[in-house]
Amino acid sequence: KVNITLDGKSLTVDKDKTILEVAREAGIKIPTLCYLEEINEIGSCRVCVVEVNGKIQPACVTPVSEGLEITTTSPRIREARRISLELIISDHPMECLTCSRNGNCELQRLAEDFGISEITYEGEQSHFEPDLSSPSIVRDPDKCILCRRCVSVCEQVQGVAALTPNERGFSTIITPAFGQKLGEIACANCGQCINACPVGALSEKDDTEKVWEALANPDKHVVVQTAPAVRVSIGEVFGMKPGSLVTGKLMAGLRRLGFDKVFDTNFTADLTIMEEGHELIERLKNNERLPLITSCSPGWIKFIEHFYPSYLEHISSCKSPQQMFGALAKTYYPENNGIDPEDVFVVSVMPCTAKKFEITRPGMDSSGYQDVDVVLTTRELAKMFKQAGIDFVNLPDEEYDKPLGISTGAGTIFGTTGGVMEAALRTAYEVLTGEELPGLEFEDVRGLEGIKECEIEINGQKIKVAVAHGLSNAHKVLQNIDDYHFIEIMACPGGCVGGGGQPYPTNEETIRLRAQGLYRDDKEHQIRKSHENPVVKKLYEEFLGKPLSHKSHELLHTGYVV
Ligand code: HC1
Ligand code: SF4
């Protein structure tokens, strides 16, 4: 412990803390910009400066020590912070009105808080070409403020290190190494760099126009599927609490936009459990290619293809629920409803930017057409609601359409880390033993710990499973791959609730609340096991035959790129 004076008050505080941490604990707000707790603590933006024994120092990187006298607000400090901000803004394009972050930009908010009405430092601005090469991510270096939050997240949280500062001084630019483009490198398309960016230098590729066009085309039968994690986050854009479960309003809003049918990715999440569960059962019986590893997160799939191609035989051959849905929406659904599959246009609403990439992968056209036409992120759909003048908060609750909208509680928890594992165990246990599972909730695989493990006994065999989220944890779990029978890996921290297309801010708190929302949703479902989904059963009877059938393989399974 050390004794300090903070804004005139004597305090005894832990000695390994920074001034910023101590001030926050004391309820004093110090503005920050480049700071991301435990991820990017580099003190480069100088927005958090305070006076320490009379000297101006950045609070985020200055540790407390015995006898420090700290002042967090004074005319001198206000002036220093203003100068830092003005210098950053002097090399930032004033395109706020047309920027994707208009209204939720951290720089814009600070400029407002500090009452910045003119920039005194005029001079040359840097100019670079935007990078439009990725199917998921747009990088506009002119808007970059060099805070390095994206660099740190990509390296430390995702273990990819796709982005790095290049050049020096005024010419500094954050890019992939050797000036390559994002679309050409090992980038997982996860979008975690977008969530980390305080400004509009990184954003998702905007596909909303394609959807407006399809909705306005009278010849198109436009159907939409909504991912599990969207129902607990989209309300945030309209001022609702993170984790608010707004499934009914989401359906109503989508119908008001003009979609012909509103369906649910949760339905094909149940179907994935049937296919993947039986794959697990087969591999356990034959004791081959264990552990089985989940395949629904396209960022994770791109990551393993780049970094661990020799482990690809472990990956489930199941397409993700989004892709299974696309394949059925252009075969089973039109066949049963007298619609020409050529006229069906499939839109996905996903918390994820990598899903934009996934629809372009080889094999994602097993219906004879591109199975999914467009992916919108949660943020993009929220923008469309705004543009259509939809008063989201006051929408009534409506239901999903049948048949592709009927799902179980197991399908909904796919959207949080551990959920796919829990859903799979509920089904694998009952199919293998023929007995009812005593307790449905697998607490050991819930929560935000980076790697979770659990052991479950099925027919006398001990099945050891692991769950990892955030790709740096994927690196770790793969070091001990032989310890397990089944592994769930999701690219994003927290799983899809923490996806790169989710509303700002996506942080530990919002991720936790969204996950709680999904577990509530699971509890409210009457049916909570995928193999009990009546529409999934009917689909097997009428169309697919049985899990892992020839037709299932044709439509619902895929291969990987080495
Ligand atoms: Fe996900 Fe999935 S859970 S990958 O996170 O398996 O994106 O929410 O839709 O496909 O179901 C995302 C979420 C989503 C798929 C499902
Ligand atoms: Fe890194 Fe993911 Fe951003 Fe690619 S999308 S640069 S992997 S954080």
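Everything below is about the structure printed above this text.
Keep in mind it's a predicted model, so treat the numbers as computed, not measured. (Residues numbered from 1 in each chain as written. Chains lettered and ligands numbered in written order. Predicted model: local features only at pLDDT ≥ 70, side-chain atom pairs only at ≥ 80, totals over all residues. Heavy atoms only, no water.)

Draft legend 1. Just the overall build of the chain, in detail. Counting secondary structure elements, the chain contains 19 helices and 17 strands. Across the 562 residues that make up the chain, the buried fraction comes to 60%. For the chain, contacts bridging at least 24 residues in sequence account for 72% of all contacts bridging at least 6. In the chain, which carries 58 positive and 82 negative side-chain charges, the distance between the mean positions of the two groups comes to 3 Å. (Helix = DSSP H or I, 4+ residues; strand = E, 2+ residues; numbered from the N terminus. Buried < 20%, exposed > 50% of the residue type's maximum accessible area, 1.4 Å probe, protein only. Contact = heavy atoms within 4.5 Å. Lys, Arg positive; Asp, Glu negative; His and termini not counted. Charge placed at Lys NZ, Arg CZ, Asp CG, Glu CD.)

Draft legend 2. Broad picture of the site of ligand 1. Taken together, 16 residues are adjacent to ligand 1, and Ala 227, Ala 229, Gln 322, Lys 355 and Cys 496 come closest. Note that an oxygen atom of ligand 1 is positioned 3.4 Å from one of the backbone N or O atoms of Pro 321. Take Lys 355: an N or O atom from its side chain is 2.8 Å from an oxygen atom of ligand 1. Contributions of two or more residues to the shell around ligand 1 are made by helix 8 (265-286) and helix 10 (321-329). A class-by-class count of the residues in the shell around ligand 1 yields 11 nonpolar, 4 polar and 1 charged. (Near = heavy atom within 4 Å. Polar contact = N/O pair within 3.5 Å; in protein donor to acceptor, adjacent residues only side chain to side chain. Nonpolar A, V, L, I, M, F, W, Y, C, P; charged D, E, K, R; others polar.)

Draft legend 3. Just the pairing of strand 16 (residues 461-469), in detail. Bridge analysis of strand 15 (residues 451-458) against strand 16 gives 8 bridges, and the strand direction is antiparallel. Across the sheet, residue Ile 456 finds its bridge partner in strand 16, namely Ile 463. As consecutive antiparallel partners, strand 15 and strand 16 are separated by 2 residues, and within that stretch Asn 459 has a phi angle of approximately 50°, a positive value. Bridge analysis of strand 16 against strand 17 (residues 486-490) gives 5 bridges, and the strand direction is parallel. Across the sheet, residue His 469 finds its bridge partner in strand 17, namely Met 490. In this region the chain leaves strand 16, passes through helix 16 (residues 471-479) and returns to the parallel neighbour strand 17; the handedness of that crossover is right-handed. (Pairing = 2+ DSSP bridges. Right-handed = clockwise from strand over helix to strand, strands pointing away.)

Draft legend 4. Representation of the packing of aromatic side chains. Throughout the structure, instances matching the rule amount to 10 aromatic pairs. With a centroid separation of 4.9 Å and 45° between ring planes, the pair formed by Phe 303 and Phe 307 is classed as tilted. Of this pair, Phe 303 and Phe 307 both sit in helix 9 (residues 298-307), 4 residues apart, which is roughly one turn of the helix. Judged by its relative accessible area of 0%, Phe 303 is buried. Among the aromatic residues, ring-to-ring pairing joins Trp 300, Phe 303, Phe 307, Tyr 308 and Tyr 311 into one connected group. Of note, Arg 101 hangs over the ring of Tyr 504, and the distance from its end group to the ring centre comes to 3.6 Å. In this structure, Lys 386 packs its charged tip against the face of Phe 238, placed 5.9 Å from the ring centre. (Phe/Tyr/Trp six-rings, centres within 6.5 Å; stacked < 30°, edge-to-face > 60°. Lys NZ or Arg CZ within 6 Å of the ring centre and 35° of its normal.)

Draft legend 5. Up close: the sheet that holds strand 2 (residues 9-13). As summarised here, the arrangement of the 5 strands in space is 2-1-5-3-4, forming an open sheet in which the pairing is mixed. Lying at the two open borders of the sheet, with one neighbouring strand each, are strand 2 and strand 4 (55-58). Here the strands of the sheet are splayed against their neighbours by 35° on average, with no regard to which way each runs. (Axes fitted to C-alpha atoms, helices over the stretch in contact; angles between N-to-C directions.)

Draft legend 6. Local environment of the side chain of Arg 426. Its location among the elements puts Arg 426 in helix 15 (residues 419-433). Classification of Arg 426 by relative accessible area gives buried; the value is 0%. Within polar-contact distance, the side chain of Arg 426 engages the side chain of Glu 422 at 2.8 Å.

Draft legend 7. Quick peek at the site of ligand 2. Neighbouring ligand 2 are Ile 137, Cys 154, Val 160, Ala 162, Leu 163, Leu 182, Cys 187, Ala 188, Asn 189, Cys 190, Gly 191 and Cys 193. In terms of residue class, the shell around ligand 2 is made up of 10 nonpolar, 2 polar and no charged.

Draft legend 8. Focus on the sheet that holds strand 13 (residues 344-350). Strands sit in the order 11-10-13-14 across an open sheet of 4 strands; the sheet is parallel. A strand with exactly one partner marks an edge of an open sheet, and here the two such strands are strand 11 (261-264) and strand 14 (374-377). Strand-to-strand, the axes of this sheet are offset by a mean angle of 25°, without reference to chain direction. Pairing between strand 10 (residues 221-226) and strand 13: 6 bridges, direction parallel. Bridging from a neighbouring strand, Val 223 pairs with Val 346 of strand 13. Relative to the sheet, helix 7 (residues 247-257) contacts strand 10 and strand 11, its axis offset from that of strand 10 by approximately 160°. Running over the sheet, helix 8 touches strand 10, strand 11 and strand 13 and is turned about 35° from strand 11.

Draft legend 9. Layout of the nonpolar core. The biggest cluster of nonpolar side chains holds 61 residues, and the ones touching the most others in it are Ile 234, Leu 254, Phe 259, Leu 271, Leu 381 and Phe 385. Phe 385 has contacts with Ile 234, Phe 238, Leu 250, Gly 253, Leu 254, Leu 257, Ile 390 and Phe 392, leaving out every residue within four places of it along the chain. Core analysis: the next-biggest nonpolar cluster, separate from the first, contains 54 residues, Ala 111, Ala 201, Leu 312 and Ala 474 among them. (Core = buried A, V, L, I, M, F, W, Y, C linked by side-chain atoms within 4.5 Å.)

Draft legend 10. Main features of unusual backbone geometry. With an omega dihedral of 0°, the bond running from Leu 290 to Pro 291 counts as a cis peptide bond. Within the element layout of this structure, Pro 291 appears in the loop between helix 8 and strand 12 (292-293). Looking along the chain, the bond that leaves Tyr 504 and enters Pro 505 is cis, with omega of -10°. Topologically, Pro 505 is positioned in the loop between strand 17 and helix 17 (508-524). Positive phi values are uncommon outside glycine, yet Asn 53 reaches one of about 45°. By secondary structure assignment, the location of Asn 53 is in the loop between strand 3 (49-52) and strand 4. Positive phi is not limited to glycine here, since Leu 548 has a value of about 65°. Mapped onto the elements, Leu 548 comes out in the loop between helix 18 (534-544) and helix 19 (550-556). Among the residues examined, Leu 548 registers a relative accessible area of 23% and is labelled partly exposed.

Draft legend 11. Region of interest: the packing of helix 8 against helix 15. Where helix 8 meets helix 15, the closest approach of the two axes is 9 Å, and the angle between their N-to-C directions is 60°. In terms of their interaxial angle, helix 8 and helix 15 are classed as oblique. Considering only the axes of helix 8 and helix 15, their crossing is right-handed. When helix 8 is examined against helix 15, the residues Ile 273, Met 274, Glu 276, His 278, Leu 280, Ile 281 and Leu 284 are found in contact with a partner set consisting of Val 420, Ala 423, Ala 424, Thr 427, Ala 428, Val 431 and Leu 432. Considered class by class, the residues forming the contact of helix 8 with helix 15 number 11 nonpolar, 2 polar and 1 charged. (Parallel < 35°, antiparallel > 145°, perpendicular 65-115°, else oblique. Left-handed = near helix turned anticlockwise from the far one by under 90°.)

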